[in-house]
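One-letter residues, chain by chain:
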Amino acid sequence: MNLNQNPRTLLPKFYGLYCVQAGGKNIRIVVMNNLLPRSVKMHLKYDLKGSTYKRRASQKEREKSFPTFKDLDFMQDLPDGLFLDPDMYSALCKTIQRDCLVLQSFKIMDYSLLVGVHNMDHAQREITATDGAALQSDTRKPITQKALYSTAMESIQGEARRGGPIETDDQMGGIPARNTKGERLLLYIGVIDILQSYRFIKKLEHSWKALVHDGDTVFVHRPGFYAERFQKFMCGTVFKKIPSVKASPSKKSRTVPREAWPAEPLRLPSPPNCS
């Protein structure tokens, strides 16, 4: 119902639910869309909840070739966040807000935002460092892979596409962004783990963790508070607007700022001789 009413969503798309009987047991399998295209290299990957309680990747996870980091790791690696165009930022935050309202209405909590970061500048340097043969084999997009699903860009671009379609087919619909160094990034994002409801066991888990730690920072929390904290963290710590350029002076005020003055005084041409 949500997908029919609101196609601009970061919630996962479920394609099928199957039950396989093996060894006298029922194994249930859910098939959903993959948020990270295999044809695009992810230089960083984060699982973010907006919680700081034990939200750091374990040593075992860090030893993986493609680790998934968490909230405290993000705040350490990217303390200034990820910068988006103002229209893109607004569209993304509105999408997150709508999705959180849907999850809250179903009393769902403990979900995460998966963020895959492709650094275009790093990728360019990696391509330059390879020889021609490696360049052709490593960077060519597989013919069999097509974006037959809603990409990250398509999930939020309803409000941002004022100037027409955004051509991002080569990068599988990544959202353009920059880090504090000014490096060009493509973000692949989506809300994951949305099947955990706030029932009796989770209420007990929150109560116990709240006794031994700050209750507002643990990741198990009532749906309303969880949604509010999730939105605040994503649109305040993770994603930020690119600082806009100062608007030009109004027609009423013709004063030019001193830093904008030319280095040499302007010399007006001599008036023509009317004699």
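Residues numbered from 1 in each chain as written. Predicted model: local features only at pLDDT ≥ 70, side-chain atom pairs only at ≥ 80, totals over all residues. Heavy atoms only, no water.

Identification of the protein as PIPK domain-containing protein from Staurois parvus is taken from an unreviewed UniProt entry.

Draft legend 1. Inspection of the environment of T237 at higher detail. With respect to the helices, strands and loops of the structure, T237 is situated in helix α9 (residues 223–238). Considering only alpha carbons, one finds T237 and L78, 159 residues apart in sequence, at a separation of 9.4 Å. (Helix = DSSP H or I, 4+ residues; strand = E, 2+ residues; numbered from the N terminus.)

Draft legend 2. Main features of the state of the cysteines. Counted by the stated rule, this structure contains one disulfide. Across a sulfur-sulfur distance of 2.4 Å, C93 and C235 are joined as a disulfide pair. Between C93 and C235 the sulfur-sulfur dihedral comes to about -130 degrees; the bridge is accordingly left-handed. Of this pair, C93 sits in helix α4 (residues 86–105) while C235 sits in helix α9, and the two are 142 residues apart along the sequence. A single burial state applies to C93 and to C235, both of which are buried. C235 provides the cysteine sulfur closest to C100, a residue in no disulfide bond, and the two sulfurs are 8.6 Å apart. (Disulfide = S-S within 2.5 Å. Buried < 20%, exposed > 50% of the residue type's maximum accessible area, 1.4 Å probe, protein only.)

Draft legend 3. Representation of the pairing of strand β1 (residues 14–22) in the model. Strand direction decides the pairing type here: β1 and strand β2 (residues 25–32), joined by eight bridges, are antiparallel. When the sheet's bridge partners are listed, Q21 is paired in β2 with N26. Joining the antiparallel neighbours β1 and β2 is a turn of two residues, in which G23 adopts a positive phi near 60 degrees. (Pairing = 2+ DSSP bridges.)

Draft legend 4. Main features of the pairing of strand β3 (residues 44–48). By the criterion of burial, β3 is predominantly enclosed, with four of the five residues buried. Note: β3 against strand β5 (residues 112–119), five bridges, orientation antiparallel. Counterpart to D47 in the pairing with β5 is L114.

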